[in-house]
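# Inside the fold
Single-letter residue listing:
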Amino acid sequence: MFGVLDDLVKQGKLRYYGVSVEKVEEGLKALEYPGVQSVQIIFNIFRQRPADLFFEQAQKKGVGILARVPLASGLLSGKMTSQTQFDSNDHRSYNRKGEEFDRGETFAGVDYETGLQAVEELRLLVPPGMSMAEMALRWILMFEAVTCAIPGAKRPAQVEENLAAADLPALSQQTMDQIQDIYKNYIRPSVHQYW
């Protein structure tokens, strides 16, 4: 596939191309191809493994990183509870354990109830003037290797809130450390090694 894409660039039919991957290992493999200009990878407070090695390698090669699923399917918006109901055609209702496709695509692979517990801990760290979603997006943008986060939105107000995160003040090192502790205590043991 990369050869075909490289040929299209040589023919002037494409200027650049990027890839979207599930796993860090796939991202590292993509970096072996010099034509790859960007990699979309799941990266959020609940999926931190890309920062271990992948980010450094992408920076060395000058490859952009697009953080996808930045709000962990909405879990990091802070608006969900154990009573939240999802439509039957919503992957958050039928793919929690990977029944239809990679479970890492739904809530970033995190068990829903465990994720809710972690969100309650994170809620205590949200700086004044920020929403939970804004803090989650700002956390991603604290990583120099990340070119941008690509959150979804259903309403114009969500788009505006998502965009505002880029202009918010940096999170303190203390907040970053506390977020890391929550990840280590609640999330890391169940997801880190998979993606």
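See the structure above.
Residues take numbers from 1 onward in each chain, read along the sequence in its written order. For this predicted model, a pLDDT threshold of at least 70 governs which residues receive local features, and a threshold of 80 or more governs which side-chain atom pairs are given and counted, while totals over whole chains, interfaces and linings are taken from all residues. Working from all heavy atoms in the structure, the side-chain values ignore hydrogens and water.

The next thing to look at is unusual backbone geometry. Of note, the phi angle at Ala72 is positive, near 50°, even though the residue is not glycine. Secondary-structure assignment places Ala72 in the loop between strand E3 (64–68) and helix H4 (91–94). Here the phi dihedral of Phe107 falls at roughly 55°; this positive angle occurs in a residue that is not glycine. Every helix listed is a DSSP run of H or I at least four residues long, and every strand listed is a run of E at least two residues long, numbered separately from the N terminus. Along the chain, Phe107 falls in the loop between H4 and helix H5 (112–123). Classification of Phe107 as buried rests on a relative accessible area of 1%. For each residue, the accessible area found with a 1.4 Å probe, counting protein chains only, is set against the maximum for its type, and the residue is called buried under 20%, exposed over 50%, and partly exposed in between.

The next point concerns the sheet that holds strand E2 (residues 36–42). By the convention used here, strands pair only if DSSP detects at least 2 bridges between them. Taken together, the 4 strands give an open sheet; going across it, the order is E1-E2-E3-E4, and neighbouring strands pair in parallel fashion. Edge positions in the sheet fall to strand E1 (17–20) and strand E4 (146–150), since each has one partner strand and no second. Shown here is a sheet whose adjacent strand axes are inclined to one another by a mean of 25°, direction ignored. Pairing geometry for E1 and E2, over 4 bridges, is parallel. Bridge pairing links Tyr17 to Val36 in E2. Taken strand by strand, helix H1 (residues 2–10) contacts E1 and E2, and its axis lies near 155° from that of E1. Inter-axis angles, ranging from 0 to 180 degrees, are taken between N-to-C directions of lines fitted to C-alpha atoms, where helices are fitted over the stretch in contact. Contacts are residue-level and defined by heavy atoms, with any inter-residue pair within 4.5 Å sufficient.

Looking now at helix H3 (residues 54–61). Residues of H3 that are buried: Phe54, Phe55 and Ala58. All buried residues of H3 lie within an arc of 95° about the axis, which places them on one face of the element. Residue Gly62 follows H3 closely and has a positive phi angle near 70°. Here the arc refers to the set of directions running from the helix axis out to each C-beta atom.

Working definition: rings of Phe, Tyr and Trp (its six-membered ring) pair if their centres are within 6.5 Å, and the pair is stacked with planes under 30 degrees apart, edge-to-face with planes over 60 apart, and tilted otherwise. Using the criterion set out here, one finds 13 aromatic pairs in the structure. Geometrically, the ring pair formed by Phe86 and Phe107 is tilted, given 6.0 Å between the ring centres and 55° between the ring planes. Within this pair, whereas Phe86 is found in the loop between E3 and H4, its partner Phe107 is found in the loop between H4 and H5, the two being separated by 21 residues in sequence. The exposure classification of Phe86 matches that of Phe107, with both residues buried. Between Trp139 and Phe143, the aromatic rings sit 4.8 Å apart at their centres with planes inclined by 65°, giving edge-to-face as the arrangement. Connected via pairs of aromatic rings, a cluster forms that spans Phe43, Phe54, Phe55, Trp139 and Phe143. In this structure, Arg96 is placed above the aromatic ring of Tyr112, and the distance from its NZ or CZ to the ring centre is 4.3 Å. Stacked on the ring of Tyr194, the Lys or Arg Arg103 has its end atom at 5.0 Å from the ring centre. Only when the NZ atom of a Lys or the CZ atom of an Arg is both within 6 Å of the ring centre and within 35 degrees of the ring normal do we say a charge sits over the ring.

Turning next to the nonpolar core. Of all hydrophobic cores here, the largest spans 58 residues; its most connected members are Val39, Phe46, Phe54, Leu75, Leu76 and Leu122. Residue contributions to this core peak at 7 residues, all from helix H6 (residues 132–141). Apart from the residues lying within four places of it in its own chain, the contact partners of Val39 are Val19, Val21, Gly27, Ala30, Leu31, Phe54, Val63, Gly64, Ile65 and Leu66. In these notes, a set of buried Ala, Val, Leu, Ile, Met, Phe, Trp, Tyr and Cys residues joined through side-chain atoms within 4.5 Å is what counts as a nonpolar core.

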